Amino acid sequence: MEEANRYLEELIDRYQNLVFSVCYKMTENYFDAEDLTQDTFLSAYKNFSHFDGQNEKAWLCKIATNKCLDYLKRAGRRSIPTEDLFFLSVAEERPSPEDICMEHEVRQKLYDCCMALKPPYRDVALDYYYHEMEIGEIVKKTGKNIKTLQTQIYRAKAMLRKLYGKEIML
């Protein structure tokens, strides 16, 4: 028994920082990591008779990991969110009414500006910017050459920029 106590003291001296680091990394809490480090060495002491003497570092890390996993499972089951914390932590998946209104307003301005263009720029601008179609889809839809469409999109963009600038100035 005296030999086991001395050996445990050596293990603590040698691996205390390592075991603490493992526990801290898993729990992200300094105080919980301290407690779990103590639990790890206590468990090592209790189960010393089952240890084969090989790779003590891996043995202690395994005990520490298991202690942390057990702790995290228990902690997860015992935490019950309060209303305030729960609703603050749940991210709003839907856009807010303000965001919906702003999106609608921006899209309406874009549509109005596209409609103010003359053909063929109007059609290209509507397809590319308003309907967000890929250039390949527009090629299939219109049957136009891809280079022609790229040029029309480039020119429509410049025209939309001018129109949109005038809209903002008003």
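These lines cover the structure that appears in this document, whether it is placed above or below. (Residues numbered from 1 in each chain as written. Predicted model: local features only at pLDDT ≥ 70, side-chain atom pairs only at ≥ 80, totals over all residues. Heavy atoms only, no water.)

### Description of the overall build of the protein chain
Inference 1: Of regular secondary structure, the protein chain possesses eight helices and zero strands.
Inference 2: Scanning the protein chain from its N terminus toward the C terminus, one meets helices and strands in the order α-α-α-α-α-α-α-α.
Inference 3: Taken over 170 residues, the protein chain has a buried fraction of 23%.
Inference 4: The contacts in the protein chain between residues at least 6 apart in sequence include a share of 58% that link residues at least 24 apart.
Inference 5: For the protein chain, the exposed surface amounts to about 13000 Å²; the carbon and sulfur share of it is 54%. (Helix = DSSP H or I, 4+ residues; strand = E, 2+ residues; numbered from the N terminus. Buried < 20%, exposed > 50% of the residue type's maximum accessible area, 1.4 Å probe, protein only. Contact = heavy atoms within 4.5 Å. Areas by Shrake-Rupley, 256 points an atom, 1.4 Å probe, with all protein chains shown as cover.)

### So, the packing of helix H1 (residues 2-27) against helix H2 (residues 30-46)
Inference 1: Look at H1 against H2: their axes get within 8 Å of each other, and the N-to-C directions meet at 145°. At the point where H1 passes H2, the crossing takes the right-handed sense. Touching Asn5, Leu8, Leu11, Ile12, Tyr15, Gln16, Val19, Phe20, Cys23, Tyr24 and Thr27 of H1 are Tyr30, Asp32, Ala33, Glu34, Leu36, Thr37, Thr40, Phe41, Ala44 and Tyr45, all from H2.
Inference 2: Residues that form the contact of H1 with H2 fall into these classes: 14 nonpolar, five polar and two charged. (Axes fitted to C-alpha atoms, helices over the stretch in contact; angles between N-to-C directions. Left-handed = near helix turned anticlockwise from the far one by under 90°. Nonpolar A, V, L, I, M, F, W, Y, C, P; charged D, E, K, R; others polar.)

### Some details on the nonpolar core
Inference 1: By size, the foremost hydrophobic cluster in this structure holds 17 residues, and its most contacted members are Val19, Cys23, Phe41, Trp59 and Leu60.
Inference 2: Within the second largest apolar cluster, nine residues are counted, among which are Cys113, Cys114, Leu117 and Tyr130. (Core = buried A, V, L, I, M, F, W, Y, C linked by side-chain atoms within 4.5 Å.)

### Re unusual backbone geometry
Inference 1: Each neighbour pair has its own omega, and for Pro119 with Pro120 the value is 0°, a cis peptide bond.
Inference 2: With respect to the helices, strands and loops of the structure, Pro120 is situated in the loop between helix H5 (97-116) and helix H6 (121-130).
Inference 3: The backbone phi angle of Asn55 is positive, close to 50°, even though this residue is not glycine.
Inference 4: Counting through the fold element by element, Asn55 comes out in the loop between H2 and helix H3 (56-78).
Inference 5: Positive phi outside glycine occurs at Glu132, with the angle close to 55°.
Inference 6: Relative to the elements of secondary structure, Glu132 occurs in the loop between H6 and helix H7 (135-142).

### Observations regarding the side chain of Ser43
Inference 1: Secondary-structure assignment places Ser43 in helix H2.
Inference 2: On the basis of relative accessibility, which here comes to 14%, the residue Ser43 falls in the buried class.
Inference 3: Filtering out sequence-adjacent residues up to four positions away, Ser43 remains in contact with Ile63 and Lys67.

### Some thoughts on the pattern of salt bridges
Inference 1: Summed over all chains, the structure comprises four salt bridges.
Inference 2: Across the salt bridge formed by Asp127 and Lys141, the nearest N and O atoms sit 2.9 Å from each other. Of this pair, Asp127 sits in helix H6 while Lys141 is found in helix H7, placing the two residues 14 residues apart along the sequence.
Inference 3: The class of Lys141 is exposed, set by a relative accessible area of 54%.
Inference 4: Sharing partners across several salt bridges, the network here consists of Glu10, Arg14 and Glu56. (Salt bridge = Lys/Arg side-chain N within 4 Å of Asp/Glu carboxyl O.)

### Here's the deal with the state of the cysteines
Inference 1: Enumeration according to the criterion identifies zero disulfides in this entry.
Inference 2: A disulfide-free cysteine, Cys68 has its sulfur positioned 3.6 Å from the sulfur of Cys23, the nearest such atom.
Inference 3: We classify Cys68 as buried; its relative accessible area is 0%. (Disulfide = S-S within 2.5 Å.)

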